[in-house]
Amino acid sequence: MQESSASTDRLIRIGVIILTIVTAVIHFSLLFPDPVFILNGLGYLTLLGALYLPIPQLQPHQKLIRRILIGYTLLAIVIWAAIGNRDLIAYVDKIDELLLIALLVVEERRH
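If you're wondering where the values come from, they're calculated on a predicted model, not measured in any experiment. (Residues numbered from 1 in each chain as written. Predicted model: local features only at pLDDT ≥ 70, side-chain atom pairs only at ≥ 80, totals over all residues. Heavy atoms only, no water.)

Novice: How should a nonpolar patch on the surface be read in this particular structure?
Specialist: Taken together, the side chains of I21, V25, L39, L42 and L45 define a hydrophobic patch exposed on the protein surface, amounting to about 420 Å² of accessible area. Examining the composition of the nonpolar patch, we find that three residues originate from one element, helix α2 (residues 35-52), more than from any other. Here L45 is to be found in helix α2. (Patch = residues over 30% accessible without salt bridge, like charges linked within 9 Å, V, L, I, M, F, W, Y side chains within 5 Å. Areas by Shrake-Rupley, 256 points an atom, 1.4 Å probe, with all protein chains shown as cover. Salt bridge = Lys/Arg side-chain N within 4 Å of Asp/Glu carboxyl O. Helix = DSSP H or I, 4+ residues; strand = E, 2+ residues; numbered from the N terminus.)

Listed below in structure tokens is the structure:
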């Protein structure tokens, strides 16, 4: 059962990485070179790196970093709901972000 649990954790982590990179790339592509979208994409990648890169100083803070990434993603959704474009790429990104939040919450509960 332990191997199955480790496998599930690995799949969740891969999912979080893929979803975060997808949303970062989408933000980089939006209205490029608008600095707001570039910074938003960089924020996603920075939080992803802080969460998973083997940086000893950050390891004890993974729970906090995960929660910050959840909040950051929720904030992006709220801002989009208030002032964002209603086009296909935006809806794809929101689905991606909602899936990202879901996986992060699942990962949080497993730890």
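Novice: When you look at the pattern of salt bridges in this model, what are you seeing that I'm missing?
Specialist: Pairing between side chains becomes possible if they bear opposite charge and their charged atoms approach one another. By the definition in use, this model includes seven salt bridges. Between R66 and E107 there is a salt bridge whose closest N-O contact spans 2.8 Å. Within this pair, whereas R66 is found in helix α3 (residues 62-83), its partner E107 is found in helix α4 (residues 88-110), the two being separated by 41 residues in sequence. This pair shows no difference in class: R66 is buried, exactly as E107 is. Linking E97 and K94 is a salt bridge whose minimum nitrogen-to-oxygen distance equals 2.7 Å. Here E97 and its partner K94 are both found in helix α4, three residues apart, which amounts to about one turn of the helix. Comparing E97 with K94, the two get one shared label, buried. (Buried < 20%, exposed > 50% of the residue type's maximum accessible area, 1.4 Å probe, protein only.)

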